[in-house]
Amino acid sequence: MILGIGNDLIDIRRVEKTLERFGERFTLRVFTEVERKKSDRRKERAASYAKRFAAKEACAKALGTGVPRRGVHWQHMGVVNLPSGKPTMALTHGAERRLAELVPGGMKAQIDVTITDDYPLAQAFVIISAVPEGGE
């Protein structure tokens, strides 16, 4: 059962300019520690941050909130990779509470994420589904 779908498209050049202008002030405000570590070691650092920014926007849309609204803030959503390498979102605080509001009883949330970039654009799609407890 699909609970929410979100997508976002961002110009990587915009993120490059923001990183140049605000640097760590921007990254510390918007990204989780895991995201910063991963992006800062990438050759295409701005593209990495842009994809993660797009994923956060897409996730907020899938949650039906936007950012910052209804207690959902940038750092409450973080792109993480499963052991297989597949990306997903780790939600905390307000985003985690909002997700819990969406999931029907006897079900658990599954968050599917796809992120890509082709300079100068980065894009993300997020689908939040409810699946039976104990099943996929």
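**Overview of unusual backbone geometry**
Right, on to step 1. Cis geometry is adopted by the peptide bond preceding Pro 120, which originates at Tyr 119 and carries an omega value of 15 degrees.
Right, on to step 2. Phi angles above zero are rare outside glycine, and His 93 is one such case at about 45 degrees.
Right, on to step 3. Along the chain, His 93 falls in helix α5 (residues 93-102).

**Brief notes about a nonpolar patch on the surface**
Right, on to step 1. A surface patch of nonpolar side chains, about 270 Å² in accessible area, is lined by Ile 2, Ile 5 and Ile 127.
Right, on to step 2. Structurally, the position occupied by Ile 2 is in strand β1 (residues 2-11).

**Digging into the packing of aromatic side chains**
Right, on to step 1. All told, the structure shown has three aromatic pairs when counted by the stated rule.
Right, on to step 2. Plain terms: the ring middles of Phe 31 and Tyr 49 are 4.7 Å apart, the flat faces sit at 55 degrees to each other, and that makes the pair tilted. Of this pair, Phe 31 sits in the loop between α2 (24-30) and α3 (33-40) while Tyr 49 is found in helix α4 (residues 45-63), placing the two residues 18 residues apart along the sequence.
Right, on to step 3. Pairwise contacts between aromatic rings join Phe 26, Phe 31 and Tyr 49 into one cluster.

**Quick notes on the pattern of salt bridges**
A side chain of one charge can pair with a side chain of the opposite charge if their charged atoms are brought near each other.
Right, on to step 1. In total, this model carries eight salt bridges according to the counting rule given.
Right, on to step 2. For Lys 56, the salt bridge is made with Glu 35, and the minimal N-O distance between the two is 2.9 Å. Of this pair, Lys 56 sits in helix α4 while Glu 35 sits in helix α3; the two residues are 21 residues apart in sequence, bridging distant segments of the chain. In terms of burial, Lys 56 and Glu 35 fall into one category: buried.
Right, on to step 3. Here Arg 45 and Asp 40 are joined by a salt bridge, their closest N and O atoms 2.8 Å apart.
Right, on to step 4. Judged by relative accessible area, Arg 45 falls into the partly exposed class, the value being 33%.

How each quantity is defined
Residues numbered from 1 in each chain as written. Predicted model: local features only at pLDDT ≥ 70, side-chain atom pairs only at ≥ 80, totals over all residues. Heavy atoms only, no water. Helix = DSSP H or I, 4+ residues; strand = E, 2+ residues; numbered from the N terminus. Patch = residues over 30% accessible without salt bridge, like charges linked within 9 Å, V, L, I, M, F, W, Y side chains within 5 Å. Areas by Shrake-Rupley, 256 points an atom, 1.4 Å probe, with all protein chains shown as cover. Salt bridge = Lys/Arg side-chain N within 4 Å of Asp/Glu carboxyl O. Phe/Tyr/Trp six-rings, centres within 6.5 Å; stacked < 30°, edge-to-face > 60°. Buried < 20%, exposed > 50% of the residue type's maximum accessible area, 1.4 Å probe, protein only.

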